[in-house]
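This is what each chain is made of:
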Amino acid sequence: MKACIAGIGSYVPAKVLTNADLERMVATSDEWIRERTGIRERRIAATGEACSDLAVQAGKRALTAAGLAATDLDMILVATCTGDYPLPATACLVQHQLGATKAAACDLSAACCGFVYALSVADAYIKTGMRHVLVIGSEVMSAITDWTDRNTCVLFGDGAGAVVVSAGDGERGILSTHLRSDGTLCELIMVRGGGSRTPPSEKVLAERLQYITMKGNETFKVAVRTLEEIARSTLSANQLRVEDIDLYVPHQANIRILKAVMERLGLPIDKVMLNVERYGNTSAASIPIALDEAVREGRIKDGSLVMLGAFGAGLTWASAVIRW
Ligand code: UT7
């Protein structure tokens, strides 16, 4: 039994925040942002638009593409670090909105690796008897972004992407998933306040601890190293060469990180999906949004060999190879 991608969809909020807009908010420039990150614009959720709202739209599109009803789903997994509430899981709000009356629902927290981690969970459940699992990466990063901090506010954006993972028995499907973590590097990317260690308080708000902080330069170096390492071990585990991959779909954090990885792996740019320019870093949503665009642009077709690569807070890093 293989876990196949039966349908895919994505949704991004309508509001576009450009680098020119950011120039009016913090001491930055369009030139700096483009040169250091490759980002030109990002989408921002409307006031009152939360993680589950984006997830529901992406989920509906994936279900339509799969030709399935929400009632066919056995499970809904939402990968996110910006859920609607600390409790309950955003996946339960999605389950309700979709009317997925038979589905189990829970969230998965692995930051930017969340989608690939959730995909591996879906893969395992399909191999042990489930038929259809909806995997969604959905983020409202704008809610945890400090809009006065130029080190981080230029990087992130909002959006959601979803796949329906279904049981199949042909050549198609998830060939392997690879998950890694290193908590010794947990301080590189953090939201320090609002959890059980430092519950919400006036002090948290005064010190702006509810927002994401990042040691960008150190994260950059680890990202390049881990993305290369996991891509190599993924290829070798599947007895594949880089040339066998039709499209590499990495987490869209920074064009310079991705160019360094392409160079190290010997991957030509036409075999890499890049859309960081238009969406920035949408954390767990970035890979499924990129996958959906690649399918719609005809860069992924039935039978394509696709490799995913992600890294993020934790630190976590992860990969997958899929015969589409
Ligand atoms: O998905 C989560 C994983 N996170 C990432 O992948 C992010 C990885 N890191 C990065 O993408 C990059 O490190 C950044 C884009 C965040 C920063 O680029 P960098 O080339 O590593 O710059 P830097 O941190 O070394 O900073 C260089 C300079 C500093 O000024 P000084 O100290 O040299 O005077 C910063 O203060 O750039 C300054 N700077 C800015 N200048 C204009 C930082 N942010 C900005 C800004 N506009 N927005």
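Here the structure is a predicted model, which means the values were calculated and not measured.

J.: How should I be thinking about the overall build of the protein chain in this particular structure?
T.: Helix and strand content of the protein chain: eleven helices and 13 strands. Here the protein chain has a C-alpha radius of gyration of 19 Å; the compact-globule value for 324 residues is 20 Å, and the two agree. Seen along its three principal axes, the alpha-carbon backbone of the protein chain occupies a region of about 55 × 45 × 35 Å. When each of the 324 residues of the protein chain is scored for burial, the buried share is 55%. Of the roughly 13,700 Å² of accessible surface on the protein chain, 50% is carried by carbon and sulfur atoms. Between the averaged position of the 34 positive side-chain charges in the protein chain and that of its 36 negative side-chain charges there is a distance of 2 Å.

J.: Can you walk me through the environment of Met307 in this structure?
T.: Tracing the backbone through its elements, the reader meets Met307 in strand 12 (residues 305-312). Along the sequence, Met307 and Leu175 sit 132 residues apart, while their C-alpha atoms lie 9.8 Å from each other.

J.: Would you take a moment to explain the site of the ligand for this structure?
T.: If you check the shell around the ligand, you find 23 residues, and the closest are Thr28, Arg36, Asn217, Asn254 and Asn281. With respect to the ligand, the side chain of Arg256 contributes an N or O atom lying 3.3 Å from an oxygen atom. Contact between the ligand and Asn281: an oxygen atom at 2.6 Å from a side-chain N or O atom of the residue. Look at the ligand: alone it shows 960 Å² of surface, and the protein chains cover 74% of it. For the shell around the ligand, the secondary-structure elements that each account for two or more residues are helix 2 (30-37), helix 6 (150-153), helix 8 (216-237) and helix 9 (255-265). For the shell around the ligand, the element with the most residues is helix 8, which contributes four residues. Class assignment for the residues of the shell around the ligand results in eleven nonpolar, nine polar and three charged. Shared between two domains, the shell around the ligand takes at least three residues from each, and those domains are domain 1 (2-170) and domain 2 (175-323).

J.: It is not clear to me how the nonpolar core should be interpreted in this structure. Could you clarify?
T.: One finds Leu227, Tyr248, Ile257, Val261, Leu267, Met307 and Phe311 to be the most contacted residues of the largest nonpolar core, which totals 44 residues. Taken together, the elements giving at least two residues each to this core come down to helix 8, helix 9, strand 12 and strand 13 (316-323). Looking at which element gives the most residues to this core, the answer is helix 8, with seven residues. Summarising the domain contributions, this core has at least three residues from each of domain 1 (2-170) and domain 2 (175-323). Apart from residues lying up to four places away in sequence, Met307 is in contact with Ala231, Thr234, Leu235, Ile245, Leu247, Tyr248, Val249, Ala320 and Val321. Listed in part, the 39 residues of the second largest apolar core include Ala118, Val163, Ala284 and Ile322.

J.: Is there a simple way to think about the side chain of Asn19 in this case?
T.: Looking at where Asn19 falls in the secondary structure, it is placed in helix 1 (residues 19-23). Given a relative accessible area of 1%, Asn19 falls into the buried group. Excluding residues that lie within four positions of it along the chain, Asn19 makes contacts with Asp30, Ile33, Arg34, Ile39, Arg40, Glu41 and Arg42.

J.: It is not clear to me how the domain arrangement of the protein chain should be interpreted in this structure. Could you clarify?
T.: Frequently, the measure chosen for interface size is the accessible area removed from exposure when the parts meet. Considered domain by domain, the protein chain is made up of domain 1 (2-170) and domain 2 (175-323). Averaged C-alpha coordinates put domain 1 and domain 2 at centres separated by 14 Å. At the boundary of domain 1 with domain 2, total buried surface from both sides reaches about 3,500 Å², with 67% on carbon and sulfur atoms. Along the contact surface separating domain 1 from domain 2 lie two salt bridges. Glu277 is the salt-bridge partner of Arg40, the closest N and O atoms lying 2.6 Å from each other. Remark: the boundary between domain 1 and domain 2 carries 15 residue pairs in polar contact (both at pLDDT 80 or more). Listed by contribution, the elements that provide at least two residues to the side of domain 1 that touches domain 2 are strand 1 (2-11), helix 2, strand 3 (41-44), helix 5 (114-127), strand 6 (132-140) and strand 7 (158-168).

J.: Just to check I follow, could you spell out the sheet that holds strand 4 (residues 75-79) for this structure?
T.: In a beta sheet, neighbouring strands pair by backbone hydrogen bonds and run either parallel or antiparallel. Taken together, five strands build an open sheet; the order of strands is 1-7-6-4-5 and the sheet is mixed. Each edge of the sheet is formed by a strand with only one pairing partner; in this case those strands are strand 1 and strand 5 (104-108). The sheet shows a mean angle of 20° between the axes of neighbouring strands, taken without regard to direction. Looking at chain direction, strand 4 and strand 5 are connected through five bridges and run parallel. Residue pairing across strands places Ile76 opposite Ala105, the latter belonging to strand 5. Of the strands in this sheet, strand 1, strand 4, strand 5, strand 6 and strand 7 are in contact with helix 5, which crosses strand 6 at around 170°. This element, helix 11 (residues 286-296), spans strand 1, strand 6 and strand 7 of the sheet and lies at about 90° to strand 1.

Reading the values: rules and limits
- Residues numbered from 1 in each chain as written.
- Predicted model: local features only at pLDDT ≥ 70, side-chain atom pairs only at ≥ 80, totals over all residues.
- Heavy atoms only, no water.
- Helix = DSSP H or I, 4+ residues; strand = E, 2+ residues; numbered from the N terminus.
- Rg over C-alpha atoms; globule rule 2.2 N^0.38 Å.
- Buried < 20%, exposed > 50% of the residue type's maximum accessible area, 1.4 Å probe, protein only.
- Areas by Shrake-Rupley, 256 points an atom, 1.4 Å probe, with all protein chains shown as cover.
- Lys, Arg positive; Asp, Glu negative; His and termini not counted.
- Charge placed at Lys NZ, Arg CZ, Asp CG, Glu CD.
- Near = heavy atom within 4 Å.
- Polar contact = N/O pair within 3.5 Å; in protein donor to acceptor, adjacent residues only side chain to side chain.
- Nonpolar A, V, L, I, M, F, W, Y, C, P; charged D, E, K, R; others polar.
- Domains from an automatic or database assignment.
- Core = buried A, V, L, I, M, F, W, Y, C linked by side-chain atoms within 4.5 Å.
- Contact = heavy atoms within 4.5 Å.
- Buried area = accessible area lost by both parts, 1.4 Å probe.
- Salt bridge = Lys/Arg side-chain N within 4 Å of Asp/Glu carboxyl O.
- Pairing = 2+ DSSP bridges.
- Axes fitted to C-alpha atoms, helices over the stretch in contact; angles between N-to-C directions.

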